[in-house]
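Secondary and tertiary structure notes
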Amino acid sequence: MSANNINDRIKDMENLVLRVKNLNVDLEKEEIIKDLSFEVKKGDVLTILGPNGAGKTVLLRTLLGLLPYRGEIHWMPGIKIGYVPQRLPFIKDIPLSVKEFFRLKGTREKEVKEVLSLVGLNDDFLNKKMEDLSSGQFQRILVAWSLSLNPQILLFDEPTTGIDIGGEETIYGLLAKLKKEKDLTILLVTHDLSVVYKFSNYVICLNKCPICQGSPKEVLIPDILRKLYGEEVKFYEHHRH
Amino acid sequence: MSIIDIKIMEQFLLSLMAGIFIGGVAGYLGTLMLSKKMALVAGPLGHLTLPGIALALLYGFDVSLGAFPFVILGIILIWLFEMRTKLSMEALTAIVFASGVAVAFLFLPIEQAETALVGDISEISFLDTLITCILCLPLFVLIKRIYFKMTLINISEDLAKSEGINIKKYNLLYLFSIAIIVALGVKIVGGLLTAALVAIPAATARNLSKNLSQFSLGGIFFGALSSFLGILLFKITGFPAGPLIIIVSTFFFLISLIFKKV
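Residues numbered from 1 in each chain as written. Chains lettered and ligands numbered in written order. Predicted model: local features only at pLDDT ≥ 70, side-chain atom pairs only at ≥ 80, totals over all residues.

Brief notes about the interface of chain A and chain B
Inclusion rule: Here, residues touch in the contact sense if the C-beta positions derived from the backbone fall within 7 Å of one another. Gly is placed with the polar residues, together with every amino acid not listed as nonpolar (Ala, Val, Leu, Ile, Met, Phe, Trp, Tyr, Cys and Pro) or charged (Asp, Glu, Lys and Arg).
Contact residues are listed per partner, giving 20 residues for chain A and 18 residues for chain B. Across the side of chain A that touches chain B, the residue classes tally to 12 nonpolar, two polar and six charged.

Here it is in structure tokens:
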């Protein structure tokens, strides 16, 4: 092996944010994820695509160390993860202002203002009650929350859930903008194909067992999509401009 | 003022002090328990302490001391039930904690039943008061230290874990705080009413608060105030202090319903 090759490999290793090898997750004796392997490099936007019940959220939760698994999950040592959950149903049980929600994490007010402005919200939101926010505002706050204290990677669980189309557009616009500004690596879960084409450079199709992975243009061919979503489901062709 | 009067006054002040300290900290912890939908847990735990209280009354040592091993047993049971089985808290209450009451009444002298059930703070000693206050202070600090992290855990364990929070550790500290407050609480409101000591001030504060700091301060305020007024009423009326504290607390709760922010 030449010195260049070794250097390249070392560089690759340094750029590696996450490596997953032969991952298996069983819940209550049901096989949810089977033999999944992939890597995430710095600056990647990786989408995990699959129908409802495909095990996407389970995968995210496993990566976060919340579920038991077999196989290997290696995060870059000392990495800071920002997690944006799908919903926070219990938050309405607790009287909480936006400012206090950030305080739970230990974010200082100055930084809260910064991340709020990053997601397009002004300082007036600091004293608003969490339960009074619209779903779009709530989603933005969650994104801002995950962004505070400078994570290197963001994990998004179905960021579109509960947001109207207008809001959905801006959430992805927002993600693209954030990625540029903050030099982030993003791993997101969705069942929305258009997101994959617009936004990510690598896709894993998952329906319990991994069906395909690669760049969206390479792997999202009609045959694969049929396999992923079933024969009956129509798929969106992506437009090459 | 005669010496007897001074003694009575002194005793009254000791009761007040112990009551205010326990009531305030219980109300504070109660806000955390309400967020976790665990406010009622203090009830069955209190019931389980009854055999310990009975032993303490029989052999003449401090009721909190008697209650403590039983409340620890209860905490372990809760932990086991949560981790190992799918049985609900309801089943736990029905099976285990009710048997605490049953066992206590096998050997509790009936004339001391009232003290065991609804507490008696009227004859608390100086040393008892001192120990109570000294225990309450670090307990308050402990609750304050775990408060934000526990709140995050209550909102979402996933989110907390992604922030690197050791959920087991915090749950343990939280349960430990509950154990101490229940053991102290039985002193003033007995084995039957401990749930009310933590739950009602917190519920009142919930009704009146717009944010977390108002909520937690409200818990402390209504907890301490209810104890203060309850013991004051006991002084005036001669009815047992424990039930009076809870009745005052309930009164505040009813008032809070009127002002509840919809």
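So much for the structure itself; the text now carries on.
Quick notes on the sheet that holds strand β9 (residues 209–214) of chain A
All names here are of chain A. The line we're drawing: Think of it this way: DSSP has to see at least two bridges between two strands before they count as a pair. Segments assigned H or I by DSSP are reported as helices when at least four residues long, segments assigned E as strands when at least two residues long, and all are numbered from the N terminus. For helices, the fitted axis covers only the stretch in contact; all axes are lines through C-alpha atoms, and the angles between them, taken along N-to-C directions, range from 0 to 180 degrees.
Taken in spatial order, the six strands of this open sheet run β5-β6-β7-β3-β8-β9, and their pairing is mixed. Strands with a single pairing partner mark the edges of an open sheet, and in this sheet they are β5 (81–84) and β9. Between one strand axis and the next, the sheet turns by 15° as a mean value, whatever way the strands run. Docked against the sheet, helix α5 (residues 135–147) engages β5 and β6 (153–157), running at close to 165° with respect to β5. Contacts from helix α9 (residues 222–229) reach β8 (202–207) and β9 within the one sheet, and its direction differs from that of β9 by about 150°.

With respect to the nonpolar core
Nonpolar side chains tend toward joint burial in soluble globular proteins. Under the convention used in this document: The term nonpolar core means buried Ala, Val, Leu, Ile, Met, Phe, Trp, Tyr and Cys residues held together as one set by C-beta atoms within 7 Å. Exposure criterion: with C-beta atoms placed from backbone coordinates, a residue whose C-beta has 20 or more other C-beta atoms within 10 Å is buried, one with 12 or fewer is exposed, and one in between is partly exposed.
In this structure, Leu-155 of chain A together with Leu-29, Val-71, Ile-178, Ile-181 and Val-198 of chain B are the most contacted members of the largest nonpolar core, which totals 147 residues. Residues in contact with Val-198 of chain B, not counting those within four places in the same chain, are Ala-26, Leu-29, Gly-30, Met-33, Ala-39, Ala-42 and Ile-181 of chain B.

A short note on the sheet that holds strand β2 (residues 30–41) of chain A
Residues and elements named next belong to chain A. Spatially, β2-β1-β4 is the arrangement adopted by the three strands of the open sheet, whose pairing is antiparallel. Looking at which strands have only one partner, the edges of the open sheet turn out to be β2 and β4 (70–75). Sheet twist, expressed as the average angle between the axes of neighbouring strands with direction ignored, equals 15°. Direction of pairing for strand β1 (residues 16–27) relative to β2: antiparallel, over a ladder of eight bridges. Considered in β2, the bridge of Leu-23 is made with Leu-36.

A look at the confidence of the model for chain B
Quick note on the threshold: Confidence scores per residue from the predictor, reported as pLDDT, run from 0 to 100.
For chain B, the average pLDDT comes to 89, and 95% of its residues sit at 70 or higher. Both scores are available for the predicted complex, with the pTM at 0.86 and the ipTM at 0.85.

Quick notes on the packing of helix α9 (residues 167–189) of chain B against helix α10 (residues 194–208) of chain B
All names here are of chain B. Formally: Throughout this description, any angle smaller than 35 degrees is read as roughly parallel, any larger than 145 degrees as roughly antiparallel, any in the 65 to 115 degree range as roughly perpendicular, and the remainder as oblique.
Between α9 and α10, the shortest axis-to-axis distance is 8 Å and the interhelical angle comes to 105°. Between α9 and α10, the interaxial angle falls into the category roughly perpendicular. The segment α9 lies against α10, with Ile-181, Val-182, Gly-185, Val-186 and Val-189 engaging Thr-194, Ala-196, Leu-197 and Val-198. In terms of residue class, the contact of α9 with α10 is built from seven nonpolar, two polar and no charged.

Observations concerning unusual backbone geometry
Residues and elements named next belong to chain A. You will see that Asn-22, though not glycine, has its phi angle at about 45°, which is positive. Phi at Lys-29 takes a positive value of approximately 70°, unusual for a residue other than glycine. With respect to the helices and strands, Lys-29 occurs in the loop between β1 and β2. Among the residues examined, Lys-29 registers 5 C-beta atoms within 10 Å and is labelled exposed.

So, the environment of Glu-14 of chain A
Considering the arrangement of structural elements, one finds Glu-14 of chain A in helix α1 (residues 3–15). Distance from Glu-14 of chain A to Ala-176 of chain A, taken between C-alpha atoms, is 24 Å for residues 162 residues apart in sequence.

Some words on the packing of helix α1 (residues 3–35) of chain B against helix α7 (residues 126–155) of chain B
Residue and element names in this part refer to chain B. Threshold: Crossings are classed by handedness, with left-handed meaning an anticlockwise turn of the near helix from the far one by less than a right angle and right-handed meaning a clockwise turn.
For the pair α1 and α7, the least separation of the axes is 9 Å and the interaxial angle reads 15°. One way to sum up the angle between α1 and α7 is to call them roughly parallel. Here α1 and α7 pass one another in a crossing that is left-handed. Here Leu-14, Met-17, Ala-18, Phe-21, Ile-22, Val-25, Tyr-28, Leu-29, Leu-32 and Ser-35 of α1 come into contact with α7, specifically with Phe-126, Thr-129, Thr-132, Cys-133, Cys-136, Leu-139, Phe-140, Ile-143, Tyr-147, Met-150, Thr-151 and Asn-154. Split into classes, the residues belonging to the contact of α1 with α7 amount to 17 nonpolar, five polar and no charged.

Some remarks on the pairing of strand β3 (residues 45–49) of chain A
Residue and element names in this part refer to chain A. Burial within β3 is extensive, with five of its five residues counted as buried. The alternating pattern of β3 places Val-45, Thr-47 and Leu-49 and Leu-46 and Ile-48 on opposite faces, both of which are buried. Pairing between β3 and strand β7 (residues 185–190): five bridges, direction parallel. Each bridged residue has a counterpart across the sheet, and for Leu-49 the counterpart in β7 is Thr-190. Relative to β8, β3 is paired through four bridges, and the arrangement is parallel. Bridging across to β8, Leu-49 finds its partner in Cys-205.

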